[in-house]
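Residues per chain are reported as follows:
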Amino acid sequence: MALHVLPRALNYLETVARLGSIQAASRSIGIAASAIDRQIIALEDACQTPLFERHARGMRLTAAGEAAVLLARRWRADEERLEETIRTMRGEQFGTVRLGAMDSLVNSILPDLVSTFAERYPRIRFAVDILTPQDAAHELEVGSIDLALVFNLPDDRSRHIIWSKPLPFGCVVGRGHALWDHSKTTLSEAAEHPLAAQSRVLPVREYLDKRFGWLFDPAEPALVTNSLQFMKQILVGGKYLAITSQLDALTELENGTLRFVPLTDQGLRPQSISVAVDARRPLSRAARLVGEALADTLAARLEKI
């Protein structure tokens with residue numbers, strides 16, 4: 001039987017915030033809209049401040065509401081951890097593992113991980129959020145996720161790194177590109193070819209803009225996108241190159257549709273990939289198993305290419 005530690009009012013508040021309206025929350029949890037509305041109004045009265053802005057098209061959180069929702073999500077995560085701890089003490093391989101990961105892992109590491117665990121540990125469930133590195137670090141800090149699999153994670157005493165590896169930069173190209181047969185190259189040589197670049201909000205582009213902005217000056221690259229999957233499809237044609245790490249194109253490098261040509265420029269520092277947990281919170285057995293499997297899988301697959 002599931003534990004129900006989260007107060008009813010906070011449960012309703014979080015559901016309305018997530019779905020955008022009281023009516024949608026009512027349909028989702030099977031509680032009358034009027035009952036949900038009364039609980040939220042009572043909570044606002046207790047807080048002496050509005051938690052939502054009410055509009056014709058739905059509900060929008062106020063600053064106070066955002067703080068209350070963050071509390072509700074922490075409480076829910078702790079509720080799930082308590083249930084998992086009790087079941088583990090009873091000898092059950094059970095639990096929901098909340099993982100924050102990068103978009104580049106969607107068609108490589110993550111499907112294999114979930115599939116493997118479904119076979120070996122059918123009662124371990126996954127909740128996977130695709131996040132930016134900054135958001136993943138924040139969600140780990142506030143306890144919304146158990147594990148973060150992220151690029152360029154800053155040092156922090158509150159985090160424990162289970163596994164980490166440097167990821168040198170290179171040019172990723174498709175068959176037929178002029179650099180396909182090269183064993184190495186430089187940024188100057190890469191700049192002579194049409195460039196497919198990640199958008200400025202992503203870590204690779206942010207780093208290159210700061211250190212090697214001349215690559216994008218005076219004109220923008222031939223293609224700019226925030227979709228790594230779309231960019232890789234474009235690279236397969238052999239007309240463009242992308243400057244990134246092997247992990248961003250792991251599956252395509254393994255099957256030979258793309259090739260990684262290392263960059264040899266001095267001062268081009270590698271990125272890093274890390275599997276991290278919050279050192280201040282106990283890690284469930286399920287999350288520990290997933291973290292170890294992630295580290296082993298990443299190390300093995302990066303070693304092969």
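Throughout what follows, the structure given in this document is the object of discussion. (Residues numbered from 1 in each chain as written. Predicted model: local features only at pLDDT ≥ 70, side-chain atom pairs only at ≥ 80, totals over all residues. Heavy atoms only, no water.)

This paragraph deals with the sheet that holds strand E10 (residues 241-244). Note on sheets: strands pair through backbone hydrogen bonds, and any given pair is parallel or antiparallel. If you trace the 3 strands from one edge of the open sheet to the other, you get E10-E7-E11, paired in antiparallel fashion. Two strands lie at the open edges of the sheet, namely E10 and strand E11 (258-262), each paired on one side alone. With direction set aside, neighbouring strand axes in the sheet form an average angle of 30°. In this sheet, E10 lies alongside strand E7 (residues 170-174) in antiparallel orientation, the contact comprising 4 bridges. Within E10, the residue paired with Val172 across the bridge is Ala242. The sheet strands contacting helix H9 (residues 228-236) are E7, E10 and E11, and the helix crosses E7 at an angle near 65°. (Pairing = 2+ DSSP bridges. Helix = DSSP H or I, 4+ residues; strand = E, 2+ residues; numbered from the N terminus. Axes fitted to C-alpha atoms, helices over the stretch in contact; angles between N-to-C directions. Contact = heavy atoms within 4.5 Å.)

This brings us to the side chain of Thr15. Of note, Thr15 is situated in helix H1 (residues 8-19). Apart from residues no more than four positions distant in its own chain, Thr15 is found in contact with Ala25 and Ile29.

Position of Gly58 relative to the elements: it lies in strand E2 (residues 58-61). What makes Gly58 buried here is its relative accessible area of 13%. In this structure the C-alpha to C-alpha distance between Gly58 and Leu19, which are 39 residues apart in sequence, comes to 9.2 Å. Those residues within four positions of Gly58 in sequence are excluded, and the remaining contacts are Gly20, Ser21 and Glu53. (Buried < 20%, exposed > 50% of the residue type's maximum accessible area, 1.4 Å probe, protein only.)

A few words on the packing of helix H5 (residues 109-120) against helix H11 (residues 285-304). It is at 11 Å that the axes of H5 and H11 come closest, and there the two elements cross at 130°. Taken together, the axes of H5 and H11 lie oblique to each other. Both H5 and H11 take part in a crossing whose hand is right-handed. Within the contact between the two elements, H5 uses Ile109, Asp112, Leu113 and Phe117 and H11 uses Leu289, Val290, Ala293, Leu294, Thr297, Leu298 and Arg301. (Parallel < 35°, antiparallel > 145°, perpendicular 65-115°, else oblique. Left-handed = near helix turned anticlockwise from the far one by under 90°.)

Another aspect to go through is the environment of Leu43. Relative to the helices and strands, Leu43 resides in helix H3 (residues 33-47). Sequence separation between Leu43 and Gly95 is 52 residues; the distance between their C-alpha atoms is 31 Å. Excluding residues within four positions of it along the chain, Leu43 makes contact with Ala9, Leu10, Leu13 and Leu51.

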